[in-house]
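For reference, the chains in residue letters:
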Amino acid sequence: MGTGKKARLATIWLSGCSGCHMSFLDQDERLIDLAKNVELVYSPFVDIKDFPENVDITLIEGAVGNEEQLDLLRKARTRTKILVSLGDCAVTGNVTALRNAFSNSDKAVVQKAYVETADVNPQIPTYVPRLLDQAHALHETVRVDYFIPGCPPSADLINSVLTELLSGRTPKMEGRSKYG
Ligand code: SF4
């Protein structure tokens, strides 16, 4: 980054409400400047099925809650230079981790979510990815380079961190991980 080439940017949506991605979009006209400096190589915003190689920056929304998400997170880590936890669910577990308080059984969680607390038409979907015993903040599973807190983080904060990273500078919220 900072070499004149466009940076390869990815965003991932794990167990979150999409509010962090909405906040990303709230950068509004600053997205035009961002587009001059990045190539979006994987994201819920684009139709690309496989996480690519050689990604410069990956922003990840949501806690990691199931085995499919864990696989994607690990793949993203190995293929990304700078991995960023985007929002409180990714940073701490937040809303997603509320399930940890009442059960570590995937069957009980699915039953509670789709049947016991359903207002209309309670039923378990035909396919639910196999849940992890607990929902985890990202840094409990992989090394995270930076954390952007907030529920959701403000567009200003997201833009500030991206601008610093794309300029080759270090944003103030430096990451730590017990899996370093
Ligand atoms: S941090 Fe807040 S806005 Fe972002 S995914 Fe979690 S609940 Fe939604």
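Refer to the structure presented above.
Residues numbered from 1 in each chain as written. Predicted model: local features only at pLDDT ≥ 70, side-chain atom pairs only at ≥ 80, totals over all residues. Heavy atoms only, no water.

**Section: the site of the ligand**
And step 1. Around the ligand sit Gly16, Cys17, Gly19, Cys20, Glu61, Asp88, Cys89, Asn94, Val95, Gly150, Cys151 and Pro152, and that is every residue in its neighbourhood.
And step 2. If you list the elements that add at least two residues to the shell around the ligand, you get helix H1 (19-25) and helix H4 (88-92).
And step 3. Residues belonging to the shell around the ligand are distributed by class as follows: six nonpolar, four polar and two charged. (Near = heavy atom within 4 Å. Helix = DSSP H or I, 4+ residues; strand = E, 2+ residues; numbered from the N terminus. Nonpolar A, V, L, I, M, F, W, Y, C, P; charged D, E, K, R; others polar.)

**A look at the nonpolar core**
And step 1. The biggest cluster of nonpolar side chains holds 20 residues, and the ones touching the most others in it are Ile12, Phe51, Ile60, Val64 and Leu138.
And step 2. Elements represented by at least two residues in this core include exactly strand S1 (7-13), strand S2 (38-42), strand S3 (55-61), helix H3 (67-79) and H4.
And step 3. In terms of residue count, the dominant contributor to this core is H3 (three residues).
And step 4. If sequence neighbours within four positions are ignored, Leu138 has contacts with Leu14, Ile60, Gly62, Ala63, Val64, Leu73, Ser85, Ala90 and Val144.
And step 5. Cys20, Phe24, Val84 and Ile148 belong to the second largest nonpolar core, which has 18 residues in total. (Core = buried A, V, L, I, M, F, W, Y, C linked by side-chain atoms within 4.5 Å. Buried < 20%, exposed > 50% of the residue type's maximum accessible area, 1.4 Å probe, protein only. Contact = heavy atoms within 4.5 Å.)

**Considerations on a nonpolar patch on the surface**
And step 1. Judged by side-chain polarity, Met22, Leu25 and Phe45 come together as a nonpolar surface patch covering roughly 240 Å² of accessible area.
And step 2. With respect to the helices and strands, the residue Met22 is situated in helix H1. (Patch = residues over 30% accessible without salt bridge, like charges linked within 9 Å, V, L, I, M, F, W, Y side chains within 5 Å. Areas by Shrake-Rupley, 256 points an atom, 1.4 Å probe, with all protein chains shown as cover. Salt bridge = Lys/Arg side-chain N within 4 Å of Asp/Glu carboxyl O.)

**A look at the side chain of Ser23**
And step 1. With respect to the secondary-structure elements, Ser23 resides in helix H1.
And step 2. Judged by its relative accessible area of 5%, Ser23 is buried.
And step 3. Apart from the residues lying within four places of it in its own chain, the contact partners of Ser23 are Pro152, Pro153, Ser154, Ala155 and Ile158.

**Brief notes about the pairing of strand S5 (residues 80-86)**
And step 1. Here S5 lies mainly inside the structure; six of its seven residues are buried.
And step 2. Sheet topology places S3 next to S5; six bridges connect them, and they run parallel. Looking at S5, one finds that Val55 is bridged to Thr80.
And step 3. Here S5 pairs with strand S7 (residues 146-148) via three bridges, running parallel. (Pairing = 2+ DSSP bridges.)

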